[in-house]
2 protein chains.
Amino acid sequence: MEKLKKYLPVKDEDQFYHEGAVELLVFNFLLILTILTIWLFKNHRFRFLHETGGAMLYGLVMGLIIRYSTKASDVESGTVYECEKLKSGPSTLLINITNQVYEYQYKREISHHNVNGHHSNAMLQKMTFDPSIFFNILLPPIIFHAGYSLKKRHFFRNLGSILTYAFLGTAISCIVIGLIMYGFVKAMVHIGQLKGWEFHFTDCLFFGSLMSATDPVTVLAIFHELHVDADLYALLFGESVLNDAVAIVLTYSISIYSPKENPNTFDAAAFFQSVGNFLGIFAGSFAMGSSYAVHLTKFTKLCEFPMLETGLFFLLSWSAFLSAEAAGLTGIVAVLFCGVTQAHYTYNNLSPDSKMRTKQLFEFMNFLAENVIFCYMGLALFTFQNHIFNPLFIFGAFVAVFVARACNIYPLSFLLNLGRKQKIPRNFQHMMMFSGLRGAIAFALAIQDTETQPKQMMFTTALLIVFFTVWVFGGGTTPMLTWLQIRVFIDPDEDLKAEAASQSASNLDKNTTKAESAWLFRIWYGFDHKYLKPILTHTGPPLTTTLPEWCNPVARFLTSPSAHGDQLKNNDTDYIINNDELTENYESSAHIPVPAQDRTSSTQATGMADIHEGDLGLGRYKLQLEHAAGQPELNSLA
Amino acid sequence: MEKLKKYLPVKDEDQFYHEGAVELLVFNFLLILTILTIWLFKNHRFRFLHETGGAMLYGLVMGLIIRYSTKASDVESGTVYECEKLKSGPSTLLINITNQVYEYQYKREISHHNVNGHHSNAMLQKMTFDPSIFFNILLPPIIFHAGYSLKKRHFFRNLGSILTYAFLGTAISCIVIGLIMYGFVKAMVHIGQLKGWEFHFTDCLFFGSLMSATDPVTVLAIFHELHVDADLYALLFGESVLNDAVAIVLTYSISIYSPKENPNTFDAAAFFQSVGNFLGIFAGSFAMGSSYAVHLTKFTKLCEFPMLETGLFFLLSWSAFLSAEAAGLTGIVAVLFCGVTQAHYTYNNLSPDSKMRTKQLFEFMNFLAENVIFCYMGLALFTFQNHIFNPLFIFGAFVAVFVARACNIYPLSFLLNLGRKQKIPRNFQHMMMFSGLRGAIAFALAIQDTETQPKQMMFTTALLIVFFTVWVFGGGTTPMLTWLQIRVFIDPDEDLKAEAASQSASNLDKNTTKAESAWLFRIWYGFDHKYLKPILTHTGPPLTTTLPEWCNPVARFLTSPSAHGDQLKNNDTDYIINNDELTENYESSAHIPVPAQDRTSSTQATGMADIHEGDLGLGRYKLQLEHAAGQPELNSLA
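An unreviewed UniProt entry lists chain A under the name Sodium/hydrogen exchanger, with Piaya cayana given as the organism. Per its UniProt entry, chain A bears the Sequence similarities (unreviewed entry) comment "Belongs to the monovalent cation:proton antiporter 1 (CPA1) transporter (TC 2.A.36) family."

And the structure:
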């Protein structure tokens, strides 16, 4: 029982012909254009458009061109063949057509309402990636790179606040967006839109969770370039990185939340199962990711072969992702914590050459992947074929995102300030509120599933919010910094002077800076320094001195023979390589509590040094800027 | 008219589940294992197993495990659905099964005789890559890297010989293998094997062309490590790189050779069309590749942003590949010449930071891709499901490959020695004969098409030849070097002393070294130095001085403003960066002919320096070795 009609003929496939060549060329062309534009902008010090914004813009233009220059293929499309006897679709289908057997591979399920719009334009169809490419190829390097560049004293000093914003804040944001959207959906149903759609509260929560993933890459780039306060940078960066992980797992947990009866009623069992899922997946991915950041490199002398070392590093990080995926956990979260752990432990065991190689490699992969995603977003506005623009829903989403961000930042900052010694000032809070851009993660989460009409509407809306926030908020970062009077061009050295000055003036409570979440930080730091670092790296005191006496046999075993024998030598060489680690280590172990200013200064200096390392090669440029603009400002502060 | 049977059920696909995770993990695991083994071997100075050989070995073991540990799926496989009314297979198929529409994508055509063996084991099926992955993803970085590391004086000095071996030699090899195999095929038909097969002379030539691609990566790695004579290295490396390009285009030309009548008769028109195809595709790909190695970086100041520069460099190189593919040419050849040209021109315009970044990036990609391919080869011996082992054919192929290599190297060396001032000594010829390993390219060409039975037999045979040559010849390189008394550990400085000594002794004709293909080299070099370099890079004399007077306006335009203005400064900085370029330049332009020893010494030194740059980080190791083993030998020669 088949309706047979002539369809697209199979291309006489050339053995050597690369199918996607033209489409990939389009992307290459867009990226080259983006690079050249960004170079121009950087050279002229325009800061209103970041490379990701540029990539998006070019993608948009290219999408427009492709959409209106290619004509729809005139072959009748959407012919559905019926197979009533088949109970389920096979993963591979062999079909005999005119005495030749063709193999077909299962791609996906299609909703009936999408069948007609299907394949209306072959070129648009070709320019559409498989959504899983985002999660499996493009996001991992971005997320890993974020984790890998987290190695900053300031991050650990603000750990408590960052965790609060990332976990509690994302949950608040998700619920607030969900509630507001539910209100809008009810209103839309009331005025007669959404006829025949199924749109439950869980769908609204799903939208809330995917819209809660912030991605202030544009803002952070400008912060980096302008040397904005390191604490603000750490708060924002830390929040955005962890918040991605939380939002991804949250979205997943909500998508598998299935109350047994009416999906609109609250089912306590299903709810707690979802919470359990969330915790389980998060913890599992965390464990999987960290465990891969192995101390393998400690016991070997791979350092002599930087290429092998880099290869091993790359493969282990990728394995973390794949293992988590294979185990049914979230690869992205695993790769994030793998990155964090690698940066904290494995990095110390690498040879100087490999340190640079890995940094540059991941930086490069991050750069490419990020620009490809933003390019694709621009393209998707015109090439995606099932957009549903609903003005009311879009308006509602903008309101919801704005309100949710406010409900996240201000109340949490107020609560945190009760506990923090170094308060988060008002202007920092406004800046954080302003920096709630949405980007790659929200997009990737939204495009995962665009089968049903609500999901298509969500995708369209998410795309528009990304466009708006990246261009408007991203572009407005520099004016906003000026308007909020946030200090820029804070030079590590100058900062110290300023701090010393402020200490005497005592008009800022900067001198009580230090560890805000001091207790959390100190407990973790002590444990890390005494046990984890010696076990996992070549740094720190030998385990035989830190562990109790009766553990000596174990300690000797764990302290690798080479580290054991070369203890003295190691201390010397490590001191050169891990200067920051050791100074801190010895300071904290030798005289706790350290005089406030001393500690701040050393952490401040090393924190900035860390940031400098992740430099996109703006070295010279920065120097010019500092000479051109920074000096007078700093002088006025000193 | 359909035979409907229950088939593999479609997995309840988890939205976030990564399909290929387990399979990729297997590869990651194998690569990690390979890296660790190689590290062990390098540390203990075992040279009998190269990393590619190790990867192949582990792949083999893993293939064995997968093959015999996973049981064949018990679902009845090979069910073919008949669709008599469909005239051709659509590229996408929509099928309605139990009121749900599934989308299927066209994968490939299957020969009837393969239908039954199809899908007998889901795991084996999964471990099988799409053959196009080799040509589109894995080979380009390897080939580009080869081209990019070709920037060696010794290569250009031996250009004539290398081109002879690569073009004439590959053609000879192809024809000799084709003829011998045709004899064997005739014999097999005679004794009753190959019943019902179509096996024409063109098929034998096809096999000949794919088996003509040599890949002495193992040998070259050992040469590099042991500092074998730079001329021998250049001859072998140059031959293998260009020979890949020739073999790929040759294979393609033969595969589209279609005489109008009986495929066994010689059709002059079709033959000349094939030759035309070969020349056209080769020249087109060459032009496409070189034109992409743009002078774009000359007119910009991208140097200030190494990340953007590296990105641009990468994207342009990839675009060369994609453009060639999109234009119906051979991407691999384009990317090879893109690499050569980039190394020669664009490289000079890069900032020191980018030079290192690009080198390391491509080195890393090459390393990964190479090991993945060799790993896959190992796997393929057990996981590929349509092997046809025919002892007679395999024996014939071994004989043919051996004879063809001999017919390539010895006669051509004899002819070349008639023209060369510096003869290719006997032991070098034997070493080249010995180094005719087959590897990645032969494998990739063979796996492209495994539909018909002759092609499957060829694939199996090619695989076995690769195994044999890589393990046996690759492992025997060091003994062979000793046996042939080829000097190793030639230190640039020591080499000069030895040469000076030999000059007085005059028992070797090394002192007449210099440019062997002097006339070719000198014409090209003069043109390159006077016109191409100034146009494409910042080095060389200003165009205004080299071009005739009436060209001045054009010359001024082409000499970029910045290069024009900074002429003096540029000369200074370039002298530091491109020391080798300029010394040579000034020498050759100032006093031609140069005293023989002077020239040799400078080229020798820079040639070795170039080789050192591509170092896999063996620096320390090499030094130890030199002290341990090299010194006595060199002393005995001095």
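## Overview of unusual backbone geometry
At Gln485(A), a residue that is not glycine, the phi angle is positive and equals roughly 55°. One can find Gln485(A) in the loop between α20 (477-483) and α21 (492-505). A relative accessible area of 67% means that Gln485(A) is categorised as exposed. A positive phi is found at His227(B), a non-glycine position, where the angle reads about 55°. Counting through the fold element by element, His227(B) comes out in the loop between α9 (217-226) and α10 (230-255).

## A few points about the nonpolar core
Nonpolar side chains tend toward joint burial in soluble globular proteins. Judged by nonpolar contacts, the single largest core of 299 residues is most densely connected at Met431(A), Phe443(A), Met431(B) and Phe443(B). At 16 residues, the largest contribution of residues to this core is made by helix α15 (residues 352-383) of chain B. Beyond its immediate chain neighbours, meaning those up to four positions away, Phe443(A) contacts Phe134(A), Ile373(A), Tyr376(A), Met377(A), Ala380(A), Phe459(A) and Leu463(A).

## Things to note about a nonpolar patch on the surface
The grouping of Phe271(A), Phe272(A), Val275(A) and Leu279(A) at the surface amounts to a nonpolar patch, some 380 Å² of accessible area in total. Structurally, Phe272(A) is set in helix α11 (residues 268-292).

## Overview of the packing of helix α18 (residues 440-447) of chain B against helix α19 (residues 453-475) of chain B
Residue and element names in this part refer to chain B. Running from N to C, α18 and α19 cross one another at 165°; their axes reach a closest spacing of 9 Å. Between α18 and α19, the interaxial angle falls into the category roughly antiparallel. Crossing hand, α18 versus α19: left-handed. Judged by residue contacts, Phe443, Ala446 and Ile447 of α18 engage Phe459, Ala462 and Leu463 from α19.

## Details of empty space enclosed by the protein
In this approach a probe as big as a water molecule rolls over the atoms, and the regions it shows empty are the leftover space. One number sums up the size of the second largest cavity: a volume of about 120 Å³. Considering the residues around the second largest cavity, the lining is formed by Thr310(A), Arg357(A), Gln360(A), Leu361(A), Phe364(A), Thr310(B), Arg357(B), Gln360(B), Leu361(B) and Phe364(B). Elements that contribute at least two residues to the lining of the second largest cavity include exactly α15 (352-383) of chain A together with α15 of chain B. A per-class count over the lining of the second largest cavity returns four nonpolar, four polar and two charged.

## Considerations on the pattern of salt bridges
Tallying each qualifying case throughout the model produces ten salt bridges over all chains. The shortest N-O distance in the salt bridge between Asp449(B) and Lys455(B) comes to 3.4 Å. Using a relative accessible area of 22% as the deciding quantity, one classes Asp449(B) as partly exposed. Through salt bridges with shared partners, a single network forms among Asp353(A), Arg357(A) and Glu363(B).

## With respect to the environment of Gly59(A)
Residue and element names in this part refer to chain A. Examined against the element boundaries, Gly59 turns out to sit in helix α2 (residues 51-69). Looking at Gly59, the relative accessible area reads 0%, which means it is buried. As a C-alpha pair, Gly59 and Thr450 span 391 residues in sequence and 20 Å in three-dimensional space. The residues contacting Gly59, other than those within four sequence positions of it, are Leu30, Cys375, Gly378 and Leu379.

## Describing the packing of aromatic side chains
Evaluated as defined, the whole model comprises 56 aromatic pairs over all chains. Residues Phe278(B) and Phe282(B) carry aromatic rings whose centres are separated by 5.9 Å and whose planes lie at 25° to one another, so their mutual orientation is stacked. Placement of both Phe278(B) and Phe282(B) in helix α11 (residues 268-292) is noted, with a separation of four residues, approximately one turn of the helix. In this structure, Phe278(B) and Phe282(B) share a single accessibility class: buried. Put simply, the rings of Phe144(A), Tyr148(A), Phe313(A), Phe314(A), Trp318(A), Phe362(A) and Phe364(B) pair up and form one aromatic cluster. Over the ring of Phe206(A) we find Lys455(A); its NZ or CZ atom is 4.6 Å from the centre of that ring.

## Thoughts on the packing of helix α8 (residues 201-211) of chain A against helix α19 (residues 453-475) of chain A
All names here are of chain A. At a minimum axis distance of 11 Å, the contact between α8 and α19 shows a crossing angle of 25°. Here α8 is positioned roughly parallel relative to α19, judged by the angle of their axes. Crossing geometry of α8 relative to α19 is assigned as right-handed. Side by side, α8 and α19 meet where Asp203, Phe206, Phe207, Leu210 and Met211 of the first sit next to Lys455, Met458, Thr461, Ala462 and Ile465 of the second.

## Notes on the side chain of Asp203(A)
Residues and elements named next belong to chain A. Relative to the helices and strands, Asp203 is located in helix α8. Put simply, Asp203 is tucked away with no salt bridge, and the nearest opposite charge, on Lys455, sits 4.6 Å away. A distance of 3.0 Å separates a polar side-chain atom of Asp203 from the backbone nitrogen of His200. If sequence neighbours within four positions are ignored, Asp203 has contacts with Glu198, Lys455 and Met458.

## Regarding helix α5 (residues 132-148) of chain B
Compared with the 24 Å implied by 1.5 Å per residue over 17 residues, the 23 Å span of α5(B) between its first and last C-alpha is a close match. Of all the 17 residues making up α5(B), 14 are buried; the element is thus mostly covered by neighbouring parts of the structure.

## What about the confidence of the model for chain A?
Residues and elements named next belong to chain A. For chain A, the mean per-residue pLDDT works out to 73, and 65% of the residues sit at or above 70. Within chain A, the lowest mean pLDDT, 35, falls on helix α26 (residues 567-577), and the highest, 91, falls on helix α16 (residues 391-419). Of the regions scoring below 50 in pLDDT, residues 1-17 engages in 54 contacts with residues more than four places distant in sequence or in other chains. Throughout residues 505-517 the model reports pLDDT below 50, and contacts reaching past four residues in sequence, or to other chains, amount to 31 contacts.

## Let's talk about α15(A)
Here α15(A) is 32 residues long and its end C-alpha atoms lie 45 Å apart, about the 46 Å a rise of 1.5 Å per residue gives. The buried count for α15(A) comes to 26 of 32 residues, which makes it a mostly enclosed element.

## Digging into the environment of Met458(A)
All names here are of chain A. Assignment of secondary structure puts Met458 in helix α19. Taking the relative accessible area as the measure of exposure, Met458 reaches 1% and is therefore buried. Taking C-alpha positions, Met458 is 49 Å from Phe305, a pair spaced 153 residues apart along the chain. Those residues in contact with Met458, other than ones at most four positions away along the chain, are Phe199, Asp203, Phe206, Phe207 and Phe393.

Rules of the game
- Position numbers for residues count from 1 along each chain, tracking the sequence in the order it is written.
- Each chain takes a letter, starting from A, and each ligand takes a number, starting from 1, following the order in which they are written.
- Local features in this predicted model are restricted to residues whose pLDDT is 70 or higher, and side-chain atom pairs enter the listing and the counts only when it is 80 or higher, whereas totals over whole chains, interfaces and linings include all residues.
- Side-chain calculation: all heavy atoms of the structure are included, whereas hydrogens and water are not.
- UniProt positions are given in the numbering used here, feature names are shortened, and annotations may be inferred rather than shown by experiment.
- Put simply, DSSP H or I for four residues or longer makes a helix, DSSP E for two residues or longer makes a strand, and each gets a number counted from the N terminus.
- Note on classification: 1.4 Å probe, protein chains only; a residue is buried when its accessible area is under 20% of the maximum for its type, exposed when over 50%, partly exposed between these limits.
- Put simply, buried Ala, Val, Leu, Ile, Met, Phe, Trp, Tyr and Cys residues joined by side-chain atoms within 4.5 Å make one nonpolar core.
- Whether two residues are in contact is decided by their heavy atoms, any of which lying within 4.5 Å being enough.
- A patch is a set of surface residues, each over 30% in relative accessible area and not in a salt bridge, joined within 9 Å for like charges and within 5 Å for the nonpolar side chains Val, Leu, Ile, Met, Phe, Trp and Tyr.
- Shrake-Rupley sampling with a 1.4 Å probe provides the accessible areas, and residues are treated as covered by the protein chains on show and by no other component.
- Just to be clear on terms, a salt bridge is a Lys or Arg side-chain nitrogen sitting within 4 Å of an Asp or Glu carboxyl oxygen.
- Think of each axis as a best-fit line through the C-alpha atoms, taken over the contacting stretch in the case of a helix, with angles from 0 to 180 degrees between the N-to-C directions.
- In these notes the angle categories are as follows: under 35 degrees is roughly parallel, over 145 is roughly antiparallel, 65 to 115 is roughly perpendicular, and the rest is oblique.
- If you view the pair so one helix is near and one far, a crossing is left-handed when the near helix is turned anticlockwise from the far one by less than a right angle, and right-handed when it is turned clockwise.
- Lining residues are those with an atom within 4 Å of a point, where the points come from a 1 Å grid over the protein atoms alone and group into cavities, where a 1.4 Å probe fits but cannot get out, or pockets, open sets with protein on both sides within 12 Å along at least five of seven lines.
- Grid points are joined across faces, edges and corners, and a volume is the space filled by probe spheres set on the points.
- Side-chain classes are defined by residue name, with Ala, Val, Leu, Ile, Met, Phe, Trp, Tyr, Cys and Pro counting as nonpolar, Asp, Glu, Lys and Arg as charged, and the others, Gly among them, as polar.
- Two rings belonging to Phe, Tyr or Trp (six-membered ring only in the last case) form a pair when the distance between their centres is within 6.5 Å. Interplanar angles under 30 degrees mark stacking, angles over 60 mark edge-to-face geometry, and anything in between is tilted.
- Placement of a charge over a ring requires the Lys NZ or Arg CZ to be within 6 Å of the ring centre, with the centre-to-atom vector within 35 degrees of the ring normal.
- For this count, His and the chain ends are skipped, Lys and Arg are scored as positive, and Asp and Glu as negative.
- Throughout this description, a polar contact denotes any pair of N or O atoms lying within 3.5 Å of each other; where both atoms belong to protein, one of them has to be capable of donating a hydrogen while the other can accept it, and for residues adjacent in sequence the pair is counted only when both atoms sit in side chains.
- Expected span of a helix, by definition, is 1.5 Å for each gap between consecutive residues, and there is one gap fewer than residues.
- pLDDT expresses how confident the predictor is about each individual residue, on a scale running from 0 to 100.

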